Amino acid sequence: MPGRPFVLEETTWKTVKGTEYQVAILPWGATEAHNYHLPYGTDNYEAKHVAIEAARKAWDKGARVTVLPTIPFGVNTGQLDIRLCINMNPSTQALILGDIARSLDGQGIHKLVILNSHGGNDFKMMIRELQATCGVFISVINWWNSVDLKKIYDAPGDHADEFETSVMFEITPDLVLPLTEAGDGHARKFKIAGLKNGLAWAPRSWTQVTEDTGSGDPAAATREKGIRHLDAVTDNIAAFLVDLEKADLGKMYE
Ligand SMILES: [Zn+2]
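Residues numbered from 1 in each chain as written. Predicted model: local features only at pLDDT ≥ 70, side-chain atom pairs only at ≥ 80, totals over all residues. Heavy atoms only, no water.

Colleague: Looking at this structure, how should I read the overall build of the chain?
Modeller: When helices and strands are counted, the chain shows nine helices and four strands. Tracing the chain from N to C terminus, the helices and strands come up as α-β-α-β-α-β-α-β-α-α-α-α-α. For a compact globule of 254 residues, the expected C-alpha radius of gyration is about 18 Å, and the chain comes in at 19 Å, within 12% of that figure. Principal axes of the C-alpha set define a box for the chain whose edges measure 55 × 40 × 35 Å. A total of 254 residues make up the chain; the buried ones form 48% of that total. For the chain, contacts bridging at least 24 residues in sequence account for 79% of all contacts bridging at least 6. As displayed, the chain has an accessible area near 13500 Å², and 55% of this comes from carbon and sulfur atoms. (Helix = DSSP H or I, 4+ residues; strand = E, 2+ residues; numbered from the N terminus. Rg over C-alpha atoms; globule rule 2.2 N^0.38 Å. Buried < 20%, exposed > 50% of the residue type's maximum accessible area, 1.4 Å probe, protein only. Contact = heavy atoms within 4.5 Å. Areas by Shrake-Rupley, 256 points an atom, 1.4 Å probe, with all protein chains shown as cover.)

Listed below in structure tokens is the structure:
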């Protein structure tokens, strides 16, 4: 079976030579514990799946987009005391992002979308810095965000919770342990009111927050909810990719 032309890992030079790719999509995940029942690569599987499915939908509408290989390491400075959580510092990520953007820039591909899958990754400042020196229009999507999670899930949390478990039931069902194996994902809040209510923000020390490494109870997860979520977000992201592919970068404002 020939490779899909919107998945770079599967694409030959023969295809690339004959295709005017306009948009590159960079899935970016993390390698970290996800409660007892989800694999360490959860964020990577999610990022890759959503990127490819959104690209497929955009390609079918005529947009020439390509999904780059997934970057498998995220910012995990708060999880360094959990075995095999692998941290990649923001400064390292900035160097990697810069190298990728400059590669594309020199090849005439001037639109790059980061498809982020990990809450600890924050690309905004990196994009601001790169914008000044690189001719690529870079934008970032936190893939799970474009729908109201409360409309799909009973009790969405923020890590290895009902929503991540539901989507993994669809993406890699063979890698999800039965929910009877999972912890309840109870996450302790900060004691100080300002940090608890969002007035102030600080990163959390994960092993002090949670016993099972999860944040949010996965008990109500189902594959059907995951399918609904994935369908909705890949529709939204595909529509964005189609618009971005057509956009004139010199005329981006109303
Ligand atoms: Zn995750």
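Colleague: What am I meant to see in the layout of surface pockets here?
Modeller: In this approach, a probe sized like a water molecule rolls over the atoms, and the result shows the empty space that is left. By volume, the second largest pocket amounts to about 360 Å³. Taken together, 16 residues make up the lining of the second largest pocket; nearest its centre are V16, T19, Y21, Q107 and I109. Looking at the lining of the second largest pocket, the elements that each hand over two or more residues are α1 (13-17) and α3 (90-106). Grouping the constituent residues of the lining of the second largest pocket by class yields nine nonpolar, five polar and two charged. (1 Å grid on protein atoms, 1.4 Å probe; cavity = no way out; pocket = protein on both sides within 12 Å on 5 of 7 lines; lining within 4 Å. Points joined across faces, edges and corners; volume = space filled by probe spheres on them. Nonpolar A, V, L, I, M, F, W, Y, C, P; charged D, E, K, R; others polar.)

Colleague: Help me understand the coordination of the zinc ion, please; the structure alone is not making it clear to me.
Modeller: Ideal coordination angles are 109.5 degrees for a metal with four donors arranged tetrahedrally and 90 or 180 degrees for a metal with six donors arranged octahedrally. Within the first shell, the zinc ion binds the protein through H34 (NE2), D43 (OD), E164 (OE) and E164 (OE), at distances of 1.9 to 2.7 Å. Taken together, the four donor atoms coordinating the zinc ion and their angles of 51 to 148 degrees define a geometry best described as irregular. Read in sequence order, the donor residues coordinating the zinc ion give the pattern H-x8-D-x120-E. Placement of D43 in helix α2 (residues 42-60) and of E164 in helix α6 (residues 162-171) is noted, with a sequence separation of 121 residues between them. As far as the burial class goes, D43 and E164 line up, both buried. (Donors = N, O, S within 2.8 Å, 3.2 Å for Na, K, Ca; no water. Tetrahedral: all angles 85-135°; square planar, octahedral: opposite > 155°, others 65-115°.)

Colleague: Got a minute to help me understand the nonpolar core in this structure?
Modeller: Here is a general trend for soluble globular proteins: nonpolar side chains tend to be buried in one another's company. Core analysis: the largest hydrophobic core is formed by 60 residues, its most contacted members being I25, L97, L112, W143, I237 and L241. Sequence-distant contacts of I237, defined by excluding residues within four places in its chain, comprise V50, A54, L115, I141 and W143. (Core = buried A, V, L, I, M, F, W, Y, C linked by side-chain atoms within 4.5 Å.)

Colleague: What is the right way to look at the packing of α6 against helix α9 (residues 223-246) in this model?
Modeller: Between two packed helices, the angle of one axis relative to the other and the distance separating the axes together describe the packing. Between α6 and α9, the shortest axis-to-axis distance is 7 Å and the interhelical angle comes to 90 degrees. Relative to α9, the element α6 is oriented roughly perpendicular. For the pair α6 and α9, contact is made by E162, F163, S166, V167, F169, E170 and I171 and by R223, K225, G226, I227, H229 and L230, respectively. By residue class, the composition of the contact of α6 with α9 is six nonpolar, three polar and four charged. (Axes fitted to C-alpha atoms, helices over the stretch in contact; angles between N-to-C directions. Parallel < 35°, antiparallel > 145°, perpendicular 65-115°, else oblique.)

Colleague: Honestly, the pairing of strand β4 (residues 137-142) in this entry has me stumped. Any pointers?
Modeller: A regular strand places its side chains on the two faces of the sheet in alternate fashion. Of the pairings in the sheet, the one linking strand β3 (residues 111-116) to β4 comprises six bridges and is parallel in character. By the bridge assignment for β4, V113 is matched with S139. The β-α-β motif built from β3, the intervening helix α4 (residues 124-131) and the parallel element β4 has right-handed crossover chirality. (Pairing = 2+ DSSP bridges. Right-handed = clockwise from strand over helix to strand, strands pointing away.)

Colleague: Quick question: what am I supposed to make of the pairing of strand β1 (residues 23-28) here?
Modeller: In terms of burial, β1 is largely enclosed, as six of its six residues are buried. Neither face of β1 is open: one carries V23, I25 and P27, the other A24, L26 and W28, and all of them are buried. Where β1 meets strand β2 (residues 65-67), three bridges bridge the pair, whose relative direction is parallel. Bridge assignment links A24 to a residue of β2, and that residue is T66. You can see the chain leave β1, run along α2 and come back into β2, and the turn it takes is right-handed. When β1 meets β3, the two strands line up parallel, connected through six bridges. Each residue of the ladder has a partner; that of P27, found in β3, is L115.

Interpretation note: all reported values are geometric properties and have no functional meaning in isolation.
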